[in-house]
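Residues per chain are reported as follows:
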Amino acid sequence: QVQLVESGGGLVQAGGSLRLSCAASGSIFNIGAMGWFRQAPGKERELVASIARGGSTNYADSVKGRFTISRDNAKNTVYLQMNSLKPEDTAVYYCYAEILRYDTGSYSDYWGQGTQVTVSS
């Protein structure tokens with residue numbers, strides 16, 4: 001069993017900041033890429049940011065310069081620091097991780113339950 005648990009969402013005014021966390025636990029042998037997607041009402045899920053195990057990062061154009069993704073490999077945790085938030089950042093944010101379990105021979109994608117981020121104008 002593998003579980004991803006997110007925390008840190010909430011309501012914030014435009015221009016404010018939030019920090020999301022996502023911790024993976026369970027029968028984990030190794031974790032590859034980790035990252036965050038988001039889905040706003042009536043829209044498709046989109047990639048916000050991702051980070052490889054070695055630390056290289058990738059961001060959606062809409063969040064570059066405002067969001068920072070990081071990870072702690074010892075804690076199997078990925079973070080998303082969100083600054084200068086805008087109303088259009090309002091969405092449910094989902095973390096994901098590419099995980100190799102002890103009892104399998106290949107990586108599989110696992111997802112968190114989602115956390116709501118609401119930015120008021």
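Everything that follows concerns the structure shown earlier in this document.
Note that the structure is predicted; figures quoted are calculated from it, not measured. (Residues numbered from 1 in each chain as written. Predicted model: local features only at pLDDT ≥ 70, side-chain atom pairs only at ≥ 80, totals over all residues. Heavy atoms only, no water.)

J.: Can you help me understand the nonpolar core in this one?
T.: Core analysis: the biggest nonpolar cluster contains 31 residues, and Leu 4, Trp 36, Leu 80, Met 82, Tyr 93 and Ile 99 have the highest contact counts within it. Looking at this core, the elements that each hand over two or more residues are strand E1 (2-7), strand E3 (18-26), strand E4 (28-39), strand E5 (46-51), strand E7 (67-72), strand E8 (77-82), strand E9 (91-101) and strand E11 (115-120). The greatest single-element share of this core, amounting to five residues, is contributed by E9. The contact partners of Ile 99, leaving out residues within four places of it in the chain, are Val 2, Leu 4, Ala 24, Ile 28, Asn 30, Ile 31, Ser 106, Tyr 107, Ser 108 and Tyr 110. (Core = buried A, V, L, I, M, F, W, Y, C linked by side-chain atoms within 4.5 Å. Buried < 20%, exposed > 50% of the residue type's maximum accessible area, 1.4 Å probe, protein only. Helix = DSSP H or I, 4+ residues; strand = E, 2+ residues; numbered from the N terminus. Contact = heavy atoms within 4.5 Å.)

J.: Quick question: what am I supposed to make of the side chain of Arg 38 here?
T.: For Arg 38, the location among the structural elements is in strand E4. Using a relative accessible area of 6% as the deciding quantity, one classes Arg 38 as buried. For Arg 38, the side chain forms a polar contact with the side chain of Ser 62, separated by 3.4 Å. Only 2.9 Å separates the side chain of Arg 38 from the side chain of Tyr 93, close enough to count as a polar contact. Sequence-distant contacts of Arg 38, defined by excluding residues within four places in its chain, comprise Glu 44, Arg 45, Glu 46, Val 48, Ser 62, Val 63, Phe 67, Glu 88, Asp 89, Ala 91, Val 92 and Tyr 93. (Polar contact = N/O pair within 3.5 Å; in protein donor to acceptor, adjacent residues only side chain to side chain.)

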